[in-house]
Amino acid sequence: MSQERAVATSAVPLEELSSWPEDLCRRELPTVLPRLVSMYQHSDSWTEHIQILKITVELFLPHMNHLTLEQTFFSQVLPKTVKLFDDMMCELTSQAKELSSQNLEIQSTLRNILQTMVQVLGALTGCVQHVCATQEPVVLENIQSLPSSVLHVIRSTFVHCKNSESVYSGRVHLISDLLQALFKEAYSLQKQLMELLDAVDAAPAGGGDGGAGNMVVVIHSLLDICSVISSMDHAFHANTWKFIIKQSLKHQSVVKSQLKHRDIIASLCEDTLCSFQACLQLAEQVAPAGAQDNADYRLFQKTLKLCRFFANSLLHYTKEFLPFLSDSCCVLHQLYLQIHSQCPPSLYAAGLSRALQEEIAASFLVALDALVTQLLAFRPFAHVVLDSQLELPCELQFPQCLLLVAVMDRLPAQPGHVQALWCTASRRSGAASRASLLGAVFCSLAQCSGELSLPVRVPGAEGEGQAEVAVTLYQHVCVHLCAFIASCHPSLFPELDAALLDAVLSASMVASLLAMDAWCFLARYGTAELCAHHVAVAARLIKSCPGECHQLTHLSVLLRRLFFFMTPAHQVQFIQEFSPKEAENLPLWQHISFQAFPVELREQAAREVAGAGAAQGRGWLAGSRTAAELASLDAALSAVLAVCSSAGDALEDGQRTELAAAGSQLWASLHAGLVSDQPSVQQTLSLLFPLLGFFIQSLDPQLISQVVAVQAALLRAGPPDHVRLAVLDFASSLGNLFVSPALQDSMLPALSSVFALLLADRSWLLEQHALEAFTRFAEGTNHEQIVPQCLTSEEMKNKVVSFLEKTGLISETAAARVERVKQEKGVFWRSSVQVTLEAAERSSLQPCAKRARCEPHLEDEYRSALQAVAGALQALGSLLCRASAPDWLPREMQLLQEKMGELRRHGLSGDT
């Protein structure tokens, strides 16, 4: 009887099945369901597919056992449903280009396909609703085909709706009603699916990881959907993210090792940044007046709320899954930099009102600050931020500096191992090179050339009873750096010393200046003994410098500044340890300001240095006076100049007379054999000119006239800049000098020539100094007739007039100035990148072979032989002065010249 009944049931047509009552469907389920599933799997008609699916879902699904749904229905039907939907989507896309208002056949075809797809979504909605209505707990493993199939269809639908304008070639209005229905059905289906998934249990039945794997698939599928709907529906997008975060945390124990954390963090960061950029665009449109009643302002607040949601979600997810985020630190770092690069006071920020800036900072940026605090103890994040190979574009260099300062502010409250993590450089072989935090701060500030020159102002610290005051970026970094030094743990002192010294010795003037300021703070904050120790270290480093270099310049400035913080007792010790009476210490004393000494000690030190300098000059005059010995003379002159500039009043009259006489004698010895292309002689002259200018009132007028004439000739030969500056120094001192009538005809034309040549210089720095020096001279001189003679062209006259009247300055708006600074910064950045690439290219090439080092005794023999040759040539020159040359001499000289050429080609080229 049952067999007959089954046969009878199998013959019932689909139209009749659709009218069966509920009781009959329940009774006939075991026999009808296999038939329907078989028909569904083997049917080729879309219409029949939909008809079978609707009958099964609406009439028979409510009577199925939820524990066997996966085996009996979902796994049998849903894969075919997904394929059916994909086929319809493919057919829809392939024919969409033909859509037009005239082609009614294509319109009808496309509309039929869309209606069928809406019905498919409706059937899937029925599946989800049935599981949701189940009163008993549902395990995800028992319905695993449902979420994956539904999410695939939903994503495909959203992608099609998003791309509809391009898919339908701008004729989307012809089927817009069905597209809206399709979107709404998918929207509703996803909401119900998320409600279902929120209620199901992901724990696997009977052990295993099936449930965890299914939930991971769900989370990753929703992540893909987020990337599609981000620009379609902000509220729906946020709710989808909320569900992803919630389920990730809810099932954290079973999914944490399987989730694609990097993809989740990257997508969350991307959506955070996009929503923030949208918020900034709205903020620019908000009217400054009546903003609270403005529709744009309300939309801005709504978008800002979305930004805050994303930031909090990122913060929450990062906190819970931090151990798994090693490869996400770069994305988090970039997010911080990109957001702050678009916030005032960045050069690349949008123009926002102060009120909106504060609103964004209080509502959104605080979450990013909390994220930094959360990541402080995470070693991979420290490696990313402090990466010594980090090369950031112009717009991200300023935010990097702010980030480093933010880290520096938070470190004192962290445990010792966290402080050591950030403050200790890592240069181990096989590991990524990592700078220390302090080293990174110095390097980062040096890259902010545009922000420093504008200057950009950042919010400063609030004092008691005082309002917040904006300070320059340099002040901001310097204050926070000094605060960090004051709270620095003693175990980090070696790293602090190394970082300060490295920065002082660096080629960057900004980094060196910041390190000096911090060092001076340390000298005042620390003990007097520590200050004295640092002064002694700087002094020894200066003595060890091999010659003129930027390291020597920076160290000399540091020494001069630190000297002011020494106690008199320690200054006495310094004089004893580095006595100026010893010739080897004279180079050191040129870098000390004698104003740092108390009066009595200043007089003593000035007398000793001046006496030693005068003795050194007399020694050179009494010796062979060779160019090789000029270095020691230069050191003595530099030290004497330091005394004259900072403690000239401490010298006794006798010493002043002695120094003036020594300067005159040195001039008499040097100027007669002046060779303009000899750098050593030019260096000595650049020191002698300002020394002679200091004693100008006591010099012989004839000597002064001689100096001016030589300077005019020297300038016409094109000397280096330091010589030009020295000439300027001397020329400006002539303003109070009265030139006797006997010397006026020779001296005044030469002096006017000196000023004319200097004022015509094309270097902006020398031009500025020349204008200042000429102004001092013109204001003090009694020989007014020389002033117009110095101005040899209308251009030069206009330049001087503009300088005196403070006119001719280029005026630019604030916006133009910012744009100019950005362009300059871009030029600097591209130049630095080019230099880096060229250096890398050079380092990859095979190095040239080096010449073998000569043994010491061979080097002495070379010098001896060369001196003998020079002596013989000098003797030959003396003979030629006394008598005419014999006939054979030219031929012998030619042979000698050929021999010299042969030696140069073979011996000096490295060949043996």
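Please refer to the structure placed before this passage.
Quick summary incoming for the structure in this document.

**Let's talk about the overall build of the protein chain**
Turning to step 1, where the next piece is worked out: Summing up its helical and strand segments, the protein chain has 41 helices and two strands in all.
Turning to step 2, where the next piece is worked out: When burial is assessed residue by residue, the protein chain has 46% of its 912 residues classed as buried.
Turning to step 3, where the next piece is worked out: Considering only contacts in the protein chain between residues 6 or more positions apart, those separated by 24 or more positions represent 75%.
Turning to step 4, where the next piece is worked out: With an accessible surface of roughly 45,300 Å², the protein chain has 55% of that area assigned to carbon and sulfur atoms.

**Details of helix H25 (residues 528-544)**
A turn of α-helix holds 3.6 residues, and therefore any two residues three or four places apart point the same way.
Turning to step 1, where the next piece is worked out: Look at H25: 25 Å from first C-alpha to last across 17 residues, which is about the 24 Å you get at 1.5 Å a residue.
Turning to step 2, where the next piece is worked out: Structurally, H25 contributes buried residues whose contacts are with helix H23 (493-505), helix H24 (509-525), helix H26 (550-563), helix H27 (568-577) and helix H28 (586-589).

**Digging into the layout of surface pockets**
Turning to step 1, where the next piece is worked out: Taken as a whole, the second largest pocket spans an internal volume of roughly 990 Å³.
Turning to step 2, where the next piece is worked out: At the level of secondary structure, the elements contributing two or more residues to the lining of the second largest pocket comprise helix H13 (261-285), helix H15 (329-341), helix H16 (354-375), helix H18 (394-410), strand S1 (457-459) and helix H22 (473-486).
Turning to step 3, where the next piece is worked out: Considering every element that reaches the lining of the second largest pocket, the biggest residue donor is H16, with eight residues.
Turning to step 4, where the next piece is worked out: Grouping the amino acids of the lining of the second largest pocket by side-chain chemistry returns 20 nonpolar, six polar and seven charged.

**Some words on empty space enclosed by the protein**
Turning to step 1, where the next piece is worked out: Throughout the structure, instances matching the rule amount to two cavities of 30 Å³ or more.
Turning to step 2, where the next piece is worked out: Lining the largest cavity we find Gly-613, Ala-614, Gly-617, Leu-637, Val-640, Leu-659, Ala-662, Gly-663, Leu-666 and Leu-691.
Turning to step 3, where the next piece is worked out: Looking at the lining of the largest cavity, the elements that each hand over two or more residues are helix H29 (599-622), helix H30 (630-647) and helix H31 (653-671).
Turning to step 4, where the next piece is worked out: Tallied by class, the residues present in the lining of the largest cavity amount to seven nonpolar, three polar and no charged.
Turning to step 5, where the next piece is worked out: Estimates place the volume of the second largest cavity at around 40 Å³.
Turning to step 6, where the next piece is worked out: The wall of the second largest cavity is formed by Leu-332, His-333, Tyr-336, Leu-371, Val-372, Leu-375 and Phe-381.
Turning to step 7, where the next piece is worked out: For the lining of the second largest cavity, the elements supplying multiple residues, two or more each, are H15 and H16.
Turning to step 8, where the next piece is worked out: Split by residue class, the lining of the second largest cavity holds six nonpolar, one polar and no charged.

**Looking at the side chain of Ser-579**
Turning to step 1, where the next piece is worked out: Counting through the fold element by element, Ser-579 comes out in the loop between H27 and H28.
Turning to step 2, where the next piece is worked out: Residues contacting Ser-579, with those up to four places away along its chain left out, are Asn-585 and Trp-589.

**Considerations on the environment of Leu-121**
Turning to step 1, where the next piece is worked out: In this structure, Leu-121 sits in helix H6 (residues 104-133).
Turning to step 2, where the next piece is worked out: Looking at Leu-121, the relative accessible area reads 0%, which means it is buried.
Turning to step 3, where the next piece is worked out: In sequence terms Leu-121 and Ile-154 are 33 residues apart; their C-alpha atoms lie 8.4 Å from each other.

**Notes on the nonpolar core**
Turning to step 1, where the next piece is worked out: Ranked by size, the top nonpolar core spans 292 residues in total, and within it Phe-60, Tyr-168 and Trp-422 carry the most contacts.
Turning to step 2, where the next piece is worked out: Here the element with the most residues in this core is H6; it accounts for 13 residues.

**Quick look at the pattern of salt bridges**
Turning to step 1, where the next piece is worked out: One pass over the full model with this rule turns up 18 salt bridges.
Turning to step 2, where the next piece is worked out: A salt bridge links Lys-797 to Glu-794, with the nearest nitrogen and oxygen atoms 3.6 Å apart. One end of the pair, Lys-797, and the other, Glu-794, are both in helix H38 (residues 794-805), three residues apart, so they sit about a helical turn from each other.
Turning to step 3, where the next piece is worked out: You can call Lys-797 partly exposed: its relative accessible area is 35%.
Turning to step 4, where the next piece is worked out: Assessed through its relative accessible area of 53%, Glu-794 is described here as exposed.
Turning to step 5, where the next piece is worked out: A single network of salt bridges, built from pairs that share partners, joins Glu-22, Asp-23 and Arg-26.

The rules we used
Each chain carries its own residue numbering, running from 1 in the direction its sequence is written. Whole-chain, interface and lining totals are the exception, using all residues; otherwise, since this is a predicted model, local features are given only for residues with pLDDT of at least 70 and side-chain atom pairs are given and counted only at 80 or more. Side-chain metrics rest on all non-hydrogen atoms present in the structure, leaving aside hydrogens and water. Working definition: helices are DSSP H or I runs of at least four residues, strands are E runs of at least two. Numbering for both runs from the N terminus. Remark: exposure states derive from per-residue accessible area (1.4 Å probe, protein chains only) relative to the maximum for the residue type, with buried under 20%, exposed over 50%, and partly exposed in between. A contact between two residues is defined here by any heavy atoms of the two lying within 4.5 Å. Here, Shrake-Rupley sampling with a 1.4 Å probe gives the accessible areas, and only protein chains in the shown set may cover a residue. How far a helix is expected to stretch is found by multiplying one less than its residue total by 1.5 Å. Here a cavity is any set of points on a 1 Å grid over the protein atoms alone where a 1.4 Å probe fits but cannot get out, and a pocket is any open set with protein on both sides within 12 Å along at least 5 of 7 lines; a residue lines the site when it has an atom within 4 Å of a point. Grid points are joined across faces, edges and corners, and a volume is the space filled by probe spheres set on the points. Just so you know the grouping, Ala, Val, Leu, Ile, Met, Phe, Trp, Tyr, Cys and Pro go in nonpolar, Asp, Glu, Lys and Arg go in charged, and all remaining residues, Gly too, go in polar. Definition of nonpolar core: a set of buried residues of the types Ala, Val, Leu, Ile, Met, Phe, Trp, Tyr and Cys, connected through side-chain atoms within 4.5 Å. Salt bridge criterion: a side-chain nitrogen from Lys or Arg within 4 Å of a carboxyl oxygen from Asp or Glu.

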